[in-house]
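This is what each chain is made of:
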Amino acid sequence: HSLERSLHMVMKQLKAPFQYEKIPLDSIEGTNKKRAKNMSLTLKRIGSYLIREKGKLLLVLLMTTAASGLGLLGPYMVGMAIDRYMVTQQIDGLGILLIWLLLIYILHSLSIFLQNYWMIGISQNTVYDLRKDLFKQFHRLPIAYFDKRQFGELMSRLTNDIDNINIVLNSSVIQIFSSILTLVGTVIIMLMLSPVLTAVTMTIIPLMFLAMKWITRRTGKLYKMQQRDIGDVNGYIEEIISGQHIVKTYSQEKRVIETFAKKNEQLKHTGFWAQTIAGFTPKVMNTLNFLGFALIAFVGGLLSIYTDMVTVGMIVIFTEYARQFTRPLNELSNQFNMLLSAIAGAERVFQVLDEPKEDIDEVDSTPLPEVNGHIIFSNVSFQYEDKTPVLKNITFEAKPGETIAFVGHTGAGKTTIINLISRFYPYTSGSITIDGYELNNIKRSDLRQQMAFVLQDSFLFSGTILENIRYGKLDATKEEVIQAAKDANAHDFICKLPKGYETVLDQEGSGISGGQKQLLTIARALLRKPRILILDEATSNIDTITELKIQDALKRLMTGRTSFIIAHRLNTIQEADKIIMLNHGKVIEAGSHASLVNKKGRYYDLYRTQLLEFEFK
C-alpha cells in the first residue's frame, strides 16, 4: 500500500516535472525475504526448463569462455606491441603480432556469433515449452478459475510475460556468464601485471555496489507492478472489444475511453518510474568508468615517471582492462534489471501452472461406461468460495429419456445445477448419481463425452462450417456431418452459401444469422450422439420461422436422451416431463406443466404473467 501511495504521489508530481526529486523513493525500497525466496524458486524453475537443452548449453558455455578469454588476450597483446615495438621503435616482429591480433579478434567475433546462435535456439525451445505447458494448463483448470478472471489478463501471461522471459534468455544468460568470466579473468591478469594499479582500479567497486543496491532495491517492485498493470490493461481491452456491441448500444464509448485512460495512465506511470530508475544504471556506471580511467592514468603516470614498476603499455592495458572490468559490472546490473522484469513475468506464469488442476482427482476416479442418463439429486447443496449458499437441499430425479426444465428468476440457481451436472463445480454436500455412479467419483472426461450443450450464445470457432460441426466428433465422416446438418435443419441454408460446407467462418460466425449459427450448434450436438443434453434457452432472440426450425431440430436431438433445459420463456417447455421451479436456491414447485398450472402456485403466476405479456404484444 505504501508503494501504491508513492506512485499516486508520482502521478501528481508528473504535473510538475522539476519536482521529481521530492518524491519519497524510500517508500519503493526493499525486497523482503519472501520475495527473495520467490525469486530463487522462480529462477530454479526456469533452470529446470533450460536444463532440457544441456547439450546446446554446454556449447554456449564453451563459446562464451572462448570469447571471454580472447577478449582478455587482445588488450594484453596491444600493450605488448606498445612496450616492445612502439616505445623501443623496433619494427621486427610487429607485423606477425598484428596478424595474431587480427586472428584473435576474428575468432572472438566468431565465438560470439556461435554462442548467440545456439542461445537463441535454447531460448526459443524454452519459451515454446513454457507456452505449451501454460496453454495445456488452461485446459486443465476448472471453469471456476476462468469465471473469476479476465481473459485478457490471462492472455497477457501467455504473450507478454513469456516474451519477457524470451528476451532475457536471449541476452541475460550469456551476458551474466560472460561478465563473470571476464571479471575473474581481468582481476587475475591485472594482479599479475601490477597489484598497485589493481588496487587503484578496485577503489570504485564499493561505489558501484552502493549505487546498484540503491537502484535494484527499487526496480524489483516497480517491474512487478508494471507487469500487473500490463495484464490489467490487456484484460480491459479484451473485455471492451468483445463487448463492443453492448458499449455502442448503451452509448458508453466516453465512459470506457475514460476508464481505459485511467488504466493506461497507471501503466504509463509505473512503466515510467521502472524504466527511469533502471536507466540510472548506465549513467552511474559511465561516471564511475571515467573516474576509474582518471585514477589509473594519474597513478600509472606517476609510477611510470618515478619508478620502473609500470610501463606505458601497462597503463594502456590497465585502462582497457578497467573498462573491461567495469563493463561486466555494468552489464550485470543492466541484466539484473531485465532479470527482475522477466522474473515478475515468470512468477505470473508459474502462478497459473501451480493452480489446482481440474483433473487432479482423475487418477483414482471410477471410469464411467455408456450411461442411460438416470440422474438423481439427493439433498444437494452448493456454495462458492465466499461461502455464499447458492443451492439448498435440492432433490429431484431425471429418468432416462426424460426432459427436465428449470425455471425461476435470475440468481435462482438454474445455471448452477447445470454446472454441477457437468462437474464444472463440485457440490458441497448431498449426493448426485448418474446410473448409480456418484458424480464426484467418476472421470470428468467420461462424463462429458456423453454430454452435449446447446447454449443461448452459440459459439463457433474460426474455420469452415464442416470443421465447426465436426467439432462434436472429430473422426466423423463428411457424410455423417451432412446427415447431422440435415437433422438439424441446417443443410438447406449451408448449400446456399458460396462454398457450402467449406465456407469459412470467424468466431462471430460472420455471414450467417444468429438462428443459422444456432442450427449449426445443434448439428454439432447431434453428431456427438450424447446421452445427456443441456439446453440453455436455445431459441431466444430468434425469428419465428427459424425458431420453428430450431424447435423441430431440438425435438430430434432430445428424443431418447435425458435433457435438461434452462427456460426463460415458459411456452418452450410445456411438453417437458418435469418442470422444477427454483427460488433462492430452493425447489419450491415441481411437476408437469399442466399440474403446476392447476396448482395455481408460483409457476402459475409466472406463466400467467408471461401469457398476459404475450397477449398484450
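Bear in mind the structure is a predicted one, so any value in this text is a computation, not a measurement.

Conventions adopted
- Numbers given to residues run from 1 along each chain, matching the order in which its sequence is written.
- A pLDDT threshold of at least 70 governs which residues receive local features in this predicted model, and a stricter bar of 80 or more applies before side-chain atom pairs are shown or counted, although totals over entire chains, interfaces and linings include all residues.
- Side-chain figures throughout are based on the complete set of non-hydrogen atoms in the structure, without hydrogens or water.
- Only DSSP runs of H or I covering at least 4 residues are called helices, and only runs of E covering at least 2 are called strands; the numbering of each starts at the N terminus.
- For every residue, the accessible area obtained with a 1.4 Å probe (protein chains only) is divided by the maximum for its type, and the residue is called buried under 20%, exposed over 50%, and partly exposed between those limits.
- Definition of nonpolar core: a set of buried residues of the types Ala, Val, Leu, Ile, Met, Phe, Trp, Tyr and Cys, connected through side-chain atoms within 4.5 Å.
- Residues count as neighbours in contact if any of their non-hydrogen atoms are within 4.5 Å of one another.
- Only when DSSP finds a minimum of two bridges between them are two strands counted as paired.
- Like-charged residues within 9 Å of one another, or nonpolar side chains (Val, Leu, Ile, Met, Phe, Trp, Tyr) within 5 Å, are grouped into patches, provided each residue has over 30% relative accessible area and no salt bridge.
- Using a 1.4 Å probe, accessible areas were evaluated by the Shrake-Rupley method; residue-level cover was limited to the displayed protein chains.
- Salt bridge, as used here: a side-chain nitrogen of Lys or Arg that lies within 4 Å of a carboxyl oxygen of Asp or Glu.

Caption draft 1: View of the side chain of His-593. Within the element layout of this structure, His-593 appears in helix H20 (residues 593–599). Residue classification places His-593 among the buried residues on the basis of a relative accessible area of 11%.

Caption draft 2: View of the nonpolar core. Membership of the largest hydrophobic core comes to 46 residues, with the highest contact counts inside it found for Ile-469, Ile-494, Leu-520, Ile-522, Ile-573 and Tyr-603. Broken down by element, the residue count for this core peaks at 7 residues, all from helix H18 (residues 514–528). Beyond its immediate stretch of four places on either side in the chain, Tyr-603 contacts Val-407, Leu-570, Ile-573, Ile-579, Met-581, Glu-589, His-593, Leu-596 and Val-597. Of all hydrophobic cores here, the second largest spans 33 residues; its members include Leu-391, Ile-404, Ile-432 and Leu-582.

Caption draft 3: Looking closely at the pairing of strand S1 (residues 375–383). As paired elements, S1 and strand S2 (residues 389–398) share 6 bridges and run antiparallel to each other. Bridge pairing links Ile-375 to Ala-398 in S2. Sheet topology places S1 next to strand S4 (residues 429–434); 5 bridges connect them, and they run antiparallel. Pairing of Phe-377 across the sheet is with Ile-432, part of S4.

Caption draft 4: Inspection of a nonpolar patch on the surface at higher detail. A cluster of nonpolar side chains, contributed by Ile-96, Trp-100, Leu-103, Leu-107, Leu-110, Phe-113 and Tyr-117, occupies part of the molecular surface with about 760 Å² of accessible area. On the secondary structure map, Phe-113 appears in helix H4 (residues 94–138).

Caption draft 5: Molecular detail of the pattern of salt bridges. Inspection of every chain in the model, using the stated rule, returns 10 salt bridges. In this structure, Arg-52 engages Asp-129 in a salt bridge whose closest nitrogen and oxygen atoms are separated by 3.4 Å. You can see Arg-52 sitting in the loop between helix H2 (33–50) and helix H3 (54–86) and its partner Asp-129 sitting in helix H4, a full 77 residues away along the chain. On the basis of relative accessible area, Asp-129 is assigned to the buried category, the value being 13%. Measuring nitrogen to oxygen at the nearest pair gives 3.3 Å for the salt bridge that ties Asp-232 to Lys-263. Within this pair, whereas Asp-232 is found in helix H8 (residues 205–242), its partner Lys-263 is found in helix H10 (residues 253–278), the two being separated by 31 residues in sequence. Using a relative accessible area of 29% as the deciding quantity, one classes Asp-232 as partly exposed.

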